[in-house]
Amino acid sequence: INNNSSGPSSLGGDSAAPSDYDLIREKCGRFVDDERTQLFVLILIAINSIMTGIATYPFVKDDPPLFDAFRKFDRTVVSIFTIETLLQLIYNGPDRFFKDGWLVFDFTIVVLSWIFFELSVLRALRFVTQVSILRNVVVALLSIVPS
């Protein structure tokens, strides 16, 4: 499961009491780094990928109420991914967030999901960022590609 949000090790930086913002960042970090949250996101990615595939079949496309239910579920999933991405951004801060290639990859997929809603298949790519073994495979494959 994903551990790509290594976040700030000490949020205050000095011995003074942490600010309200530091406390919020810490709570966001505890939430997004929690194994249950990461497992939930992983399961949601898998379910959304399966439903995206099923939604291409005529029995869904030709049934307006069913197709509408699929779209509502899809929008709910994108909303959850957006909240998770925003919590990562709050926790890591913009500097750390945008220096982490996997967080930027997730961010890009979420933004593209809102812009090009019909390309919901992109969200299946988030599966790679959530499973560390798959991330390692991608890194290894990219490292052997000639530059």
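These numbers were taken from a predicted model, which means no experiment stands behind them. (Residues numbered from 1 in each chain as written. Predicted model: local features only at pLDDT ≥ 70, side-chain atom pairs only at ≥ 80, totals over all residues. Heavy atoms only, no water.)

Caption draft 1: Representation of the packing of aromatic side chains in the model. Counted under the stated rule, the structure contains 5 aromatic pairs. Taking 6.3 Å as the distance between ring centres and 80° as the angle between the ring planes, the aromatic pair formed by Trp-102 and Phe-105 counts as edge-to-face. Placement of the pair is Trp-102 and Phe-105 together in helix α5 (residues 101-115), with a separation of 3 residues, close to one helical turn. Residue Phe-105 is classed as partly exposed on the basis of its relative accessible area, which comes to 30%. Grouped by ring-pair contacts, the aromatic residues Phe-97, Phe-98 and Phe-107 constitute a single cluster. (Phe/Tyr/Trp six-rings, centres within 6.5 Å; stacked < 30°, edge-to-face > 60°. Helix = DSSP H or I, 4+ residues; strand = E, 2+ residues; numbered from the N terminus. Buried < 20%, exposed > 50% of the residue type's maximum accessible area, 1.4 Å probe, protein only.)

Caption draft 2: Summary view of the packing of helix α1 (residues 20-33) against helix α2 (residues 35-54). One way to put it is that α1 packs onto α2 with a least axis distance of 5 Å and a crossing angle of 55°. Considering the angle they form, α1 stands oblique to α2. In this structure, α1 uses Phe-31, Val-32 and Asp-33 to contact α2, whose residues at the interface are Glu-35, Thr-37 and Gln-38. Of the residues assigned to the contact of α1 with α2, the class counts are 2 nonpolar, 2 polar and 2 charged. (Axes fitted to C-alpha atoms, helices over the stretch in contact; angles between N-to-C directions. Parallel < 35°, antiparallel > 145°, perpendicular 65-115°, else oblique. Contact = heavy atoms within 4.5 Å. Nonpolar A, V, L, I, M, F, W, Y, C, P; charged D, E, K, R; others polar.)

Caption draft 3: Representation of α1 in the model. The end-to-end C-alpha distance of α1, which contains 14 residues, comes to 20 Å, matching closely the 20 Å that a straight helix rising 1.5 Å per residue would cover. When α1 is considered as a whole, its buried residues turn out to be Asp-22, Arg-25, Cys-28, Gly-29 and Val-32. Buried residues in α1, looked at end-on, bunch into an arc of 120°, giving them a common side. Opposite the packed face of α1, turned more than 90 degrees from it, sit the exposed residues Asp-20 and Lys-27. Those residues of α1 hidden inside the fold are in contact with α2 and α4 (64-97). (Expected span 1.5 Å × (residues − 1). Arc of directions from axis to C-beta.)

Caption draft 4: Structural detail: the nonpolar core. Counting residues in hydrophobic clusters, the biggest one holds 6 residues: Val-41, Leu-44, Ile-45, Val-77, Phe-81 and Val-110. Taken together, the elements giving at least two residues each to this core come down to α2 and α4. Of all the elements, α2 adds the most residues to this core, at 3 residues. (Core = buried A, V, L, I, M, F, W, Y, C linked by side-chain atoms within 4.5 Å.)

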